[in-house]
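What follows is each chain in one-letter form.
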Amino acid sequence: MKNVSINLETVGGIVAENIRNAEVLRAFGIDFCCGGRKTLEDACREKALDIDRVRQALAAAADDVSGIRPDFSAFTPSFLADYIVNVHHAYVRQHIPVILDLAEKVAVRHGAAHPFLHEINSKANELAQELLTHMKKEEQVLFPAIKLLDSGHPLKVGFATISIPIEVMESDHDLAGDLVKDIRLLSGDYTAPEGACNSMKLLYHKLEAFEHDLHLHIHLENNILFPKAMQQERALHAGITGSSC
């Protein structure tokens, strides 16, 4: 078994190093996207988890050579930004209408017996609006700025540093993360009640898959793309400052 040095790493860094670790942390209920800056030790303490068990599971994942998984940390910022748009933004736009239709239908038909379905419907609509607005801001403002930096050019937009829009996007991520946590709690970890209809079962299945995709989506931005962009900006600024001396 490989010796994985993870004592003081952030959980976001652990997943950035090996995407297989995402499934391990998810199985333990550890948030690696919005909560990606926490150390593994802190995350385990908050969840009352045996950190040695988590380390063993991560080490086993490092030994797993099955399957082909992208090394996202090796992507250039420009390529990663395009990947996020073409894969994860597209996923949101494709699945949101289906989820909202199901959530509305299930709430109308079964909300009297299960009032929490109305709350799930409301949270799903709030999440949809938040993500669709958020993605537009990324595609029209932040990602073009990141690509400009990646090409070696200083920013020519209405903010002094890339960290300003990044902070806004990370705040949006926190809100979206809280909404999916609320939906998971309301749905009893996506466990349909006894005698649930097929529409409710399908809704729960779609919501859980959506949550999984969103966690990876946010992780790629918070823990890989944004740090790369800020590092490039610092390097570019240092080069410009140095050349003017």
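Residues numbered from 1 in each chain as written. Predicted model: local features only at pLDDT ≥ 70, side-chain atom pairs only at ≥ 80, totals over all residues. Heavy atoms only, no water.

A. A look at the side chain of Asn223. Examined against the element boundaries, Asn223 turns out to sit in helix α8 (residues 198–243). Since its relative accessible area comes to 18%, Asn223 is described here as buried. For Asn223, the side chain forms a polar contact with the side chain of His219, separated by 2.9 Å. Look past the residues within four positions of Asn223 in its chain and what remains in contact with it is Gly12, Ala16, Phe32, Cys33, Gly36 and Ile218. (Helix = DSSP H or I, 4+ residues; strand = E, 2+ residues; numbered from the N terminus. Buried < 20%, exposed > 50% of the residue type's maximum accessible area, 1.4 Å probe, protein only. Polar contact = N/O pair within 3.5 Å; in protein donor to acceptor, adjacent residues only side chain to side chain. Contact = heavy atoms within 4.5 Å.)

B. Highlighting the pattern of salt bridges. Taken as a whole and assessed by the stated rule, the structure comprises 13 salt bridges. Close ionic contact of Asp52 with Arg55 constitutes a salt bridge, the shortest N to O distance being 3.3 Å. You can see Asp52 and its partner Arg55 sitting in helix α4 (residues 51–63), three residues apart, about one turn around the helix. A salt bridge links Lys137 to Asp172, with the shortest nitrogen-to-oxygen separation between them at 3.0 Å. Of the two residues, Lys137 is situated in helix α6 (residues 116–150) and Asp172 in helix α7 (residues 163–186); the sequence distance between them amounts to 35 residues. The exposure class of Asp172 is buried, given its relative accessible area of 11%. Look at the salt bridges and you will find they share partners, linking Arg184, Asp189, Glu208 and Glu211 into a network. (Salt bridge = Lys/Arg side-chain N within 4 Å of Asp/Glu carboxyl O.)

C. Here's a closer look at the packing of aromatic side chains. Scanning the model with the defined rule gives five aromatic pairs in all. Here Phe75 and Tyr83 contribute two aromatic rings whose centre-to-centre distance is 5.9 Å and whose plane-to-plane angle is 65°, an arrangement assigned as edge-to-face. Note on Tyr83: relative accessible area 22%, which makes it partly exposed. Within the aromatic cluster, the residues linked to one another by ring pairs are Phe72, Phe75, Phe79 and Tyr83. (Phe/Tyr/Trp six-rings, centres within 6.5 Å; stacked < 30°, edge-to-face > 60°.)

D. Local environment of the layout of surface pockets. Counted as a void, the largest pocket has a volume near 410 Å³. Residue lining of the largest pocket: 15 residues in total, with Gly29, Ile30, Asp31, Lys47 and Lys181 positioned closest to the centre. For the lining of the largest pocket, the secondary structure elements donating two or more residues are α3 (40–47), α7 and α8. Here the lining of the largest pocket is built from residues that sort into three nonpolar, three polar and nine charged. (1 Å grid on protein atoms, 1.4 Å probe; cavity = no way out; pocket = protein on both sides within 12 Å on 5 of 7 lines; lining within 4 Å. Points joined across faces, edges and corners; volume = space filled by probe spheres on them. Nonpolar A, V, L, I, M, F, W, Y, C, P; charged D, E, K, R; others polar.)

E. Highlighting the packing of helix α5 (residues 77–110) against α6. Viewed as axis vectors pointing N to C, α5 and α6 meet at an angle of 165°, and their least axial separation amounts to 9 Å. By the angle between their directions, the pair α5 and α6 is classed as roughly antiparallel. Between α5 and α6 lies a crossing of left-handed hand. (Axes fitted to C-alpha atoms, helices over the stretch in contact; angles between N-to-C directions. Parallel < 35°, antiparallel > 145°, perpendicular 65-115°, else oblique. Left-handed = near helix turned anticlockwise from the far one by under 90°.)

F. Highlighting the environment of His215. Its place among the elements puts His215 in helix α8. Here His215 falls in the buried class, since its relative accessible area comes to 16%. For the pair formed by His215 and Cys34, sequence separation is 181 residues and the distance between their alpha carbons is 8.1 Å. Once residues lying within four places of it in the same chain are set aside, the contact partners of His215 are Arg26, Phe32, Cys33 and Val180.

G. Focus on the nonpolar core. In terms of nonpolar packing, the biggest core is built from 40 residues, with Leu25, Ile30, Leu40 and Ile162 touching the most fellow members. Taken together, the elements giving at least two residues each to this core come down to α1 (11–17), α2 (21–27), α3, α4, α5, α6, α7 and α8. Sorting elements by how many residues they give to this core places α8 first, with seven residues. Those residues in contact with Ile30 that sit more than four places away from it in its chain are Val11, Leu25, Leu40, Ala43, Cys44, Leu49 and Val54. Val92, Ile99, Ala124 and Leu203 belong to the second-largest nonpolar core, a separate cluster that totals 29 residues. (Core = buried A, V, L, I, M, F, W, Y, C linked by side-chain atoms within 4.5 Å.)

H. Seen up close, α5. In this model α5 runs 46 Å from its N-terminal to its C-terminal C-alpha over 34 residues, within 8% of the 50 Å that 1.5 Å per residue would give. By the largest-angle criterion, His95 marks the main kink of α5, which is about 35°, and a proline, Pro97, follows within four residues. (Expected span 1.5 Å × (residues − 1). Bend = angle between axes of the 7 residues up to and from the residue.)

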